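Each chain, written out:
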Amino acid sequence: MLVELFPYLSALLFDEVERSAGVVVLRARVRTTAGTCRCGRSSGRVHGRYIRKLRDVAVGGLGVVIELQVRRFRCENSACPAVTFVEQVPGLTVPHGRYTPLLRGVLTQIGLALAGRAGVRMAAAIGVTVGRDTLLRLVRALPDPPARVVEVLGVDDFAFRKGRHYGTVLIDMASHRPLHLFDGREGEDLAAWLRQHPEVKVICRDRSGGYGEGARGGAPQAKQVADRFHLWRNLGQAVEKTVNGRRSCLAEPTPESSPAEVEAEPAVVQPPRELKIVNRMRQQHAAVHELWEKGLSKAAIGRKLGLHQATVRKLVNARAVDEVIARTLQRAHVVDPYTGYLHRRWNEGIRNATQLYREIKELGYPGGELAVQRHLRRYRTGRGHAPAPGPKPPSVREVTSWIMTNPEHLHDKDADKLHRLRERDSDLDRLTGHVRTFAAMLTGRHGDRLDGWITTVEQDGLAPLASFARNLRRDIDAVRNGLTLPHSSGAVEGNINRLKMIKRQMFGRASLDLLRKRVLLTR
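Residues numbered from 1 in each chain as written. Predicted model: local features only at pLDDT ≥ 70, side-chain atom pairs only at ≥ 80, totals over all residues. Heavy atoms only, no water.

A. Structural detail: the pattern of salt bridges. Tallying each qualifying case throughout the model produces 23 salt bridges. In this structure, Asp144 and Arg516 form a salt bridge, with 3.1 Å as the shortest nitrogen-oxygen distance. With Asp144 in the loop between α4 (132-140) and β8 (152-161) and Arg516 in helix α23 (residues 512-521), this residue pair connects regions lying 372 residues apart in the sequence. On the basis of relative accessibility, which here comes to 19%, the residue Arg516 falls in the buried class. (Salt bridge = Lys/Arg side-chain N within 4 Å of Asp/Glu carboxyl O. Helix = DSSP H or I, 4+ residues; strand = E, 2+ residues; numbered from the N terminus. Buried < 20%, exposed > 50% of the residue type's maximum accessible area, 1.4 Å probe, protein only.)

B. Region of interest: the nonpolar core. The biggest cluster of nonpolar side chains holds 34 residues, and the ones touching the most others in it are Leu235, Val243, Leu431, Phe438, Leu450, Trp453 and Leu472. Where this core is concerned, the elements lending two or more residues are α7 (228-245), α16 (396-404), α17 (412-424), α18 (426-444), α19 (450-459), α20 (463-474) and α21 (476-482). Take this core: its biggest share by element is six residues, from α18. Not counting residues up to four positions away in its chain, the partners in contact with Leu450 are Phe438, Met441, Leu472, Ile476, Val479, Arg480 and Leu483. (Core = buried A, V, L, I, M, F, W, Y, C linked by side-chain atoms within 4.5 Å. Contact = heavy atoms within 4.5 Å.)

C. Representation of the packing of aromatic side chains. This structure, assessed with the given rule, holds seven aromatic pairs. Members of the aromatic cluster, joined through ring pairs, are Tyr338, Tyr357 and Tyr365. Sitting over the ring of Tyr166, Arg185 keeps its end group 3.7 Å from the ring centre. (Phe/Tyr/Trp six-rings, centres within 6.5 Å; stacked < 30°, edge-to-face > 60°. Lys NZ or Arg CZ within 6 Å of the ring centre and 35° of its normal.)

D. Representation of the sheet that holds strand β11 (residues 202-205) in the model. In space, the five strands of this open sheet follow the order β10-β9-β8-β11-β12, with mixed pairing throughout. Each of the sheet's edge strands pairs with one partner strand only, and the pair in question is β10 (177-183) and β12 (223-226). Neighbour to neighbour, the strand axes of the sheet diverge by 25 degrees on average, direction disregarded. One ladder, built from six bridges, connects strand β9 (residues 165-172) with β10; its direction is antiparallel. Looking across to β10, one finds that Asp172 is bridged to Arg177. Packing of α23 onto the sheet brings it into contact with β8 and β10, and relative to β10 it is tilted by some 170 degrees. (Pairing = 2+ DSSP bridges. Axes fitted to C-alpha atoms, helices over the stretch in contact; angles between N-to-C directions.)

Okay, structure coming up:
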């Protein structure tokens, strides 16, 4: 049975087996009386002998070393450039190799899966001592996978260093296997690869203009398909911008109090003070717009005021300060669900924050006492009556998620909130209708309706959504194919996630050749 699994055993004579220091040493020699040179000539003239040490896979957690006595023969072929040669045992030895093919294959798979340091730890766990450089060298020595015919190609970029350095990965959409990995994301590099593969019929990509140009230049015969995931995500960004512009309409109208309730309600002597962060944003917004009107650039404003460029850009783009501070005011706080109870008890005369903390703790409050003290501190001056808190408006993200969610999957509570919101604001009502129409096109593969949807949205007064629709016209054929054909870039995104995991395993210090080997050969 062992001979069937390991044919080389029949070619060896084992003289001794020894165990020492956690290693099993097998001393053996070759049975045959002659050897075969690389020129094909057999020879029995022995030139000399020496001991060759080979490491094999571990047995029972113990390392295995084979001390093989090999002979060096003289080649009798006068035309052969080799004067002498060393006998080889098929399946056990290779020229200049110190590992058996079995151990070499195991270490190679460990290197592919875990790379250097992690691979060393894994090899030690199975009884094999190896260096991290050896593992990486074995991975780099692997041949590239054989070229295969590709009819449906997926292409996407990935970041070596986000915002600075990018690469491109090509995926065979039939097998979901990566085909090629190269540095950069220029369209010409993609076009050069496509010219060598004229069999490509469909190219699945995101809405990057560079890949679109490269696909048209390298494979004009192929259909380009825009990824539906990216289309939906871009639509979600436009919806969020639109909702953000209507933030002031998100709050529920405050119900009017009866005269009796107004008389019974104590006057609020000390109104809540404005948060420090809100006050700072008002000052920064005013200062930024003052300098912007004087003609200073955003970079110059940032240097003058000591603000980050992204902060300056946000403040410049906000026409009113309310657009900036509204998101801060809508931030959830751990005390928010219990403010009604706290204010009612406060107005009843209970001013001990510790006692109030214990009471709301019994109601399920998960925070600490300090947060309660900070909330009630603003009411300790004057008569200090706490106002009756009104309903907190939903955040922009919440409203966006309600609009982007399938109505059948929306919770009844959220669906009711969205319904009331649509009744109060006609813009959000039309926005929801446009989004659901687009969703029906996307899920039902009705790409023939795209032109009509774009025209309708462009004629509407929702600027961010109209901008999204105009951008679709720049890549209309690929977008229409994406909404019509069954092809998707899901396999591409899955490979990008796997590539990111591999890249993080190597801590970003490995070069492109090693990353390419691991991405193309890891299963």
